[in-house]
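# Observations on chain architecture
Residue strings, one per chain:
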Amino acid sequence: MNLEVTQQNLYLFLPGKIANVANIIADNDHCSVLEAMRRFYASATYQGLQKEETKLWHLGAVALYEMFRNNAAE
């Protein structure tokens, strides 16, 4: 059994991470989850998350949300 995360299997982790971050965004911004997902997918944080070499997939939803907020402020 291969337990190594690679660019080829990273996609398996992303839906759950994105859904959790989107729920936090929706709660804090008082918007729909769909709108929150659109915002997250358009963010620099998501661009980094989809690249295995950044290792952002190690982070939990709260840390990713904080990164999303910090990048949005720039």
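Going by the structure above, here's the rest.
Owing to the predicted nature of the structure, the values given are computational and were not obtained by experimental measurement.

## Observations regarding a nonpolar patch on the surface
On the surface, a cluster of nonpolar side chains totalling about 350 Å² of accessible area is made up of Tyr11, Leu12 and Phe13. Position of Tyr11 relative to the elements: it lies in the segment before helix H1 (14-29).

## Some words on the packing of H1 against helix H2 (residues 33-41)
Remark: H1 packs on H2, axes separated minimally by 8 Å, with the N-to-C direction vectors making an angle of 115 degrees. As summarised for this structure, H1 and H2 are arranged roughly perpendicular, according to the angle between their axes. Where H1 crosses over H2, the handedness of that crossing is right-handed. Contacts between H1 and H2 pair Ile18, Val21, Ala22, Asn23, Ile25, Ala26 and Asp29 from the former with Val33, Ala36, Met37, Arg39, Phe40 and Tyr41 from the latter. Among the residues making up the contact of H1 with H2, the classes are represented as ten nonpolar, one polar and two charged.

## Considering the environment of Phe40
The topology assignment puts Phe40 in helix H2. For Phe40, a relative accessible area of 0% translates into the label buried. When the C-alpha positions of Phe40 and Arg69 are compared, they lie 9.9 Å apart, and in sequence the two are 29 residues distant. If sequence neighbours within four positions are ignored, Phe40 has contacts with Ile18, Val21, Ile25, Thr45, Tyr46, Leu49 and Phe68.

## Concerning the side chain of Thr45
One can find Thr45 in helix H3 (residues 44-49). Reaching out from Thr45, the side chain makes a polar contact with the backbone nitrogen of Phe68 at a distance of 3.3 Å. At a separation of 3.0 Å, a polar atom in the side chain of Thr45 contacts the side chain of Asn71. Discounting residues that sit within four places of it in the chain, Thr45 has contacts with Phe40, Leu56, Leu64, Met67, Phe68 and Asn71.

## So, the pattern of salt bridges
Per the stated rule, a full pass over the model turns up five salt bridges. Close ionic contact of Arg69 with Asp29 constitutes a salt bridge, the shortest N to O distance being 2.5 Å. In this pair, Arg69 sits in helix H4 (residues 61-73) while Asp29 sits in helix H1, placing the two residues 40 residues apart along the sequence. The partly exposed category is assigned to Asp29, whose relative accessible area is 27%. Between Lys55 and Glu52 there is a salt bridge, and its shortest N-O distance comes to 2.4 Å. Under the relative-accessibility criterion, Lys55 is labelled partly exposed at 38%. Of the residues examined, Glu52 reaches a relative accessible area of 13% and is grouped as buried. Overlapping salt bridges, with partners in common, bring together Asp29, Glu35, Arg38, Arg39 and Arg69 in one network.

Procedures and definitions
Residues numbered from 1 in each chain as written. Predicted model: local features only at pLDDT ≥ 70, side-chain atom pairs only at ≥ 80, totals over all residues. Heavy atoms only, no water. Patch = residues over 30% accessible without salt bridge, like charges linked within 9 Å, V, L, I, M, F, W, Y side chains within 5 Å. Areas by Shrake-Rupley, 256 points an atom, 1.4 Å probe, with all protein chains shown as cover. Salt bridge = Lys/Arg side-chain N within 4 Å of Asp/Glu carboxyl O. Helix = DSSP H or I, 4+ residues; strand = E, 2+ residues; numbered from the N terminus. Axes fitted to C-alpha atoms, helices over the stretch in contact; angles between N-to-C directions. Parallel < 35°, antiparallel > 145°, perpendicular 65-115°, else oblique. Left-handed = near helix turned anticlockwise from the far one by under 90°. Contact = heavy atoms within 4.5 Å. Nonpolar A, V, L, I, M, F, W, Y, C, P; charged D, E, K, R; others polar. Buried < 20%, exposed > 50% of the residue type's maximum accessible area, 1.4 Å probe, protein only. Polar contact = N/O pair within 3.5 Å; in protein donor to acceptor, adjacent residues only side chain to side chain.

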